[in-house]
Amino acid sequence: MPRKAKRPLYSVSIRGEARLYWKLNVIVARTRIPNGPKVLAQLTSLNPHDQSQNSSVASSSAATIAVQTCQQLQQSLGPTIVQTSTSGSDYILGANGAWSTFNTEVNYQPTCIVFANEAEHVQTAMKTIYQNEADYAVQAGGHSGMTGWNTIQDGVLISFKNMNTSSYDPDHDTITMLPGVRWGEVITEMEPFGVAPVGGRISEVGTGLLLGGGLSFLSSAEGYASDNYVSLDVVLVDGTLVTATADNEYQDLFKALKGGANRFGIVTRYEVKAVHTGTKEEKRWWGGLFVYPNSSSEALLGAIAHYTHDTNDTNAVMVTVIMTTWPNLEPSISVLLVYNGTEASFNNAFAEFLSIPYTSSSPGSLSFLELSNAVHFPSGMGTLFSASSLAGTPANSDVSVDDYLELYRQYNNFSSAFASSPDIGFTLLDFSPVLQSQIRAGYKKGGNPINPPLGTTGYSIVLFQVTYREGVTQTAEDVEDGRQFWIDNAPSTPGLPLFLSEADAAQQVFATYGEYDFLKQVYAKYDPTGFNVRHTEGPLGLESVLAPSICEPLSIFNYSLPLPLCF
């Protein structure tokens, strides 16, 4: 029998005394207070009910509100658009639309799913959700490693499964996408026009990538994917629909959505810059996959650090994936090296990588369509992410690459520690460079909240991924402790942002952003009551902007908590 995943205590919305106890649970869990359960036990004097009774009150309150909200939505939008587990044939598809098993129906059963066909449906849903103080979630492509971010228990799920079209406007040289599309589909549809969006590197990923910033094969020249926004239609928490651009009255919202994730509204239409990448007959790229033995790992990690610091070539693309499968446990090191240009330019750009012994390679000429559809990722397994960022180091200098080596050592230590785990399928350690050219492109296009100050050296975005075996629906406590140990101890360069789309749900990603204060100001403007923070899962860090009557700082037994107590 599959084991049922534990849902976080903060996945429900509750009232009164139940909310107080719930929030204390959240704070103790998120801040990892020493002897947290003991501290929490002392705090039960603040609530006259025991924990089991409180949990029941919390769940029933959220469930009742969700049922009432769904009934109202079915009356206003109809049973075809708003479906429950007993009233619609598409419900099962929507409840199982997430990439990670941890976010599918075996663990989360939305009270109802709104299968929006247009922005007005999202408006109606959010107006009702807002009025009723109901919990909610939004699912576009569903490719998230954060449990509970794209699904909901005892709440309303808004699905963009039916809003999945894209189009090219040659007069404005822009691409318009609805939020349910996936990058492989968009790039295939745009190929006959010889254009592509700055989008994801995995074809199955959806538009949620944009809200986390988004890395692309075009990022070294064009910046983050979100740096290429032209216009966004956004439904705010109260159901208001606005159009945000770089120079209208919503320009602050426009910028905040370049990395602000799901905290600032629901985007129902993206208009983005088109990049002229050529048709499938135009094989402008040269490169392929290079596989290295573990004996080359030290030299290869040095090459990654040097490339990240020294490269200013906007046509070069490098991504490194180290994969360890169970029970084999021998790391497989693959490096994608591609160049938008000639073979000679490729050889020059990646000279250090090519000088390191590798076991196999597959270089050749590629169209952008072939490059974009080269990477696929299996679904049907529970997956969790963790993030780090490491500054690049110059080649031909005394600056060490020790942090890169230490990070790989800790990755291998995790494998050794859990070699006998019956739950783990595989782990990944990925290095994705953010070059100085990408940082400059972001500033040139109006800036984003993510980037560090202009002039910052290039750096590597690091993903540590743990994927459980097929059929495992609950995380193993010992494995999660090991993953948390990696998060707490992995080297990370101060002053560099973490990459939201590849981070753990409890990592304080916003606080690492170059314009964190800007994000807080914009959030306070568009959601002054903190409705989003209180009613949907997403990145931490905006709780402190809520009004004092809603959130208060808290100190327990001389232990100062970094999170406020919100009601």
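Let me begin by describing the structure that accompanies this report. (Residues numbered from 1 in each chain as written. Predicted model: local features only at pLDDT ≥ 70, side-chain atom pairs only at ≥ 80, totals over all residues. Heavy atoms only, no water.)

With that settled, consider the environment of Ile175. Along the chain, Ile175 falls in strand β6 (residues 174-177). Residues Ile175 and Lys273, spaced 98 residues apart in sequence, show a C-alpha to C-alpha distance of 6.3 Å. Once residues lying within four places of it in the same chain are set aside, the contact partners of Ile175 are Ser167, Tyr168, Val186, Met190, Val195, Ala196, Pro197, Tyr270, Glu271, Val272 and Ala274. (Helix = DSSP H or I, 4+ residues; strand = E, 2+ residues; numbered from the N terminus. Contact = heavy atoms within 4.5 Å.)

Consider a sheet: its strands pair through backbone hydrogen bonds, and that pairing is either parallel or antiparallel. One open sheet accounts for five strands, arranged β5-β6-β10-β8-β9; its pairing is antiparallel. Looking at strand neighbours, the two that pair on one side only are β5 (166-169) and β9 (241-244), the edges of this open sheet. Adjacent strand axes in the sheet meet at a mean angle of 15° when their direction is disregarded. Relative to β9, strand β8 (residues 229-235) is paired through four bridges, and the arrangement is antiparallel. Bridging across to β9, Asp233 finds its partner in Thr243. Of the strands in this sheet, β5 and β6 touch helix α6 (residues 183-190), which is tilted by about 40° from β5. (Pairing = 2+ DSSP bridges. Axes fitted to C-alpha atoms, helices over the stretch in contact; angles between N-to-C directions.)

Along its 14 residues, helix α5 (residues 119-132) runs 20 Å from first to last C-alpha, staying within 8% of the 20 Å computed at 1.5 Å per residue. Burial in α5 covers these residues: Ala119, His121, Val122, Gln123, Ala125, Met126, Thr128 and Ile129. One or two positions beyond α5, positive phi appears at Glu133, with a value near 55°. (Expected span 1.5 Å × (residues − 1). Buried < 20%, exposed > 50% of the residue type's maximum accessible area, 1.4 Å probe, protein only.)

Further remarks concern the pattern of salt bridges. Two side chains carrying opposite charge are able to pair once their charged atoms lie near each other. What the rule picks out here adds up to 13 salt bridges. The salt bridge partner of Glu222 is Lys445, with a shortest N-O separation of 2.7 Å. Separated by 223 residues along the polypeptide, Glu222 in helix α8 (residues 219-222) and Lys445 in the loop between α15 (436-444) and β19 (459-468) bring together distant segments of the chain. Note that Asp517 and Lys520 form a salt bridge whose closest N and O atoms lie 3.5 Å from each other. Taken together, the residues span about one helical turn, with Asp517 and Lys520 both in helix α17 (residues 516-526) at a distance of three residues. Classification of Lys520 by relative accessible area gives partly exposed; the value is 21%. (Salt bridge = Lys/Arg side-chain N within 4 Å of Asp/Glu carboxyl O.)

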